[in-house]
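# Coordinate inspection notes
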Amino acid sequence: MIEKKELRANIKALKKQHTKEQLLEQSVAILSKLENDDDFKKARIVMIYSALPDEVQTQAFLEKWRHRKKIILPTVAGDDIIPVELAEDTGFAVGDFNILEPQNEPYTGGYDLIVVPGVAFDRNGNRIGRGRGYYDRFLCKHLNVRRIGICFDFQLVDEVPTEPNDIRMDKVISLNF
């Protein structure tokens, strides 16, 4: 089986074969599939991410849904994800990874759905992230919440190497999966 480091490098190389415009176009289609997913339709409180440049782009999606559902965004403090509600008056600041992070009090309520980015996913819902374990540490505290991974098709692989602390997605959504 391929090692995580090698898989991350392979996916990074595949991303470079796509223009920013192509990835944005694919992002719109992937998020449209998410909108039509029953788990998303039923969810009132959704945690989703503010995208890095090489992830499924969520900015327009966040703007579209922030007035219809309670949207929670992750911020990073040290080694932990700190969830923050995207409220009407929420301002943003550039965070640790040059991600726009909402500036608000930490959110302490529950979730109906958590939408998760990743470097790669397999069809069994396994994922690898960037290697720091932020999402796995966060998700292990919310195992009763539905988890959907979203990714570009080239991020779907036959098998993701896993470790005991890796948290599996309930579902993965891409253009063709």
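Described in the following lines is the structure provided in the data block. Because the structure is a prediction, the values reported are computed rather than measured.

### Quick word on the overall build of the chain
In terms of helices and strands, the chain carries 5 helices and 11 strands. The globule rule puts the C-alpha radius of gyration for 177 residues at 16 Å, and the 15 Å found for the chain is close to it. For the chain, the C-alpha atoms occupy an extent of roughly 45 × 35 × 30 Å along the three principal directions. Among the 177 residues that make up the chain, the fraction classed as buried is 50%. A separation threshold of at least 6 residues defines the contact pool for the chain, and within that pool the share at least 24 residues apart is 66%. Across the chain, the mean location of the 26 positive side-chain charges is 2 Å away from that of the 28 negative side-chain charges.

### Quick notes on the sheet that holds strand E7 (residues 120–122)
Spatial ordering of the open sheet is given by E8-E7-E10, a layout of 3 strands whose pairing is mixed. The open sheet is flanked by strand E8 (127–128) and strand E10 (156–157), the only strands paired with a single partner.

### Considerations on the sheet that holds strand E9 (residues 146–150)
In space, the 6 strands of this open sheet follow the order E3-E2-E1-E6-E9-E11, with mixed pairing throughout. Each end of this open sheet is capped by a strand with a single partner; those strands are strand E3 (80–85) and strand E11 (171–173). Strand-to-strand twist across the sheet, computed as the mean angle between neighbouring axes with direction ignored, equals 30 degrees. Note: E9 against E11, 3 bridges, orientation parallel. By the bridge assignment, Ile 148 is partnered in E11 with Lys 171.

### Section: the pattern of salt bridges
Across all of its chains, the model carries 13 salt bridges by this definition. Between Glu 163 and Lys 4 there is a salt bridge, with its nearest N and O atoms 3.3 Å apart. One end of the pair, Glu 163, is in the loop between E10 and E11; the other, Lys 4, is in helix H1 (residues 4–15), and 159 residues separate them in sequence. Classification of Glu 163 by relative accessible area gives partly exposed; the value is 43%. Residue classification places Lys 4 among the buried residues on the basis of a relative accessible area of 17%. One salt bridge connects Lys 4 with Asp 166, and the closest N-O pair in it is separated by 3.3 Å. Taken as a pair, Lys 4 in helix H1 and Asp 166 in the loop between E10 and E11 lie far apart in primary sequence, 162 residues in all. In this structure, Lys 4 and Asp 166 share a single accessibility class: buried. In the salt-bridge network here, residues are joined through shared partners; they are Asp 37, Asp 39, Arg 146, Arg 147, Asp 170 and Lys 171.

### Points about the pairing of E3
Pairing of strand E2 (residues 70–77) with E3 involves 6 bridges; the strand directions are antiparallel. Looking across to E3, one finds that Ile 72 is bridged to Glu 85. Counting the residues in the hairpin turn of E2 and E3 gives 2 residues, including Gly 78, whose phi is positive at 65 degrees.

Criteria and cut-off values
Residues numbered from 1 in each chain as written. Predicted model: local features only at pLDDT ≥ 70, side-chain atom pairs only at ≥ 80, totals over all residues. Heavy atoms only, no water. Helix = DSSP H or I, 4+ residues; strand = E, 2+ residues; numbered from the N terminus. Rg over C-alpha atoms; globule rule 2.2 N^0.38 Å. Buried < 20%, exposed > 50% of the residue type's maximum accessible area, 1.4 Å probe, protein only. Contact = heavy atoms within 4.5 Å. Lys, Arg positive; Asp, Glu negative; His and termini not counted. Charge placed at Lys NZ, Arg CZ, Asp CG, Glu CD. Pairing = 2+ DSSP bridges. Axes fitted to C-alpha atoms, helices over the stretch in contact; angles between N-to-C directions. Salt bridge = Lys/Arg side-chain N within 4 Å of Asp/Glu carboxyl O.

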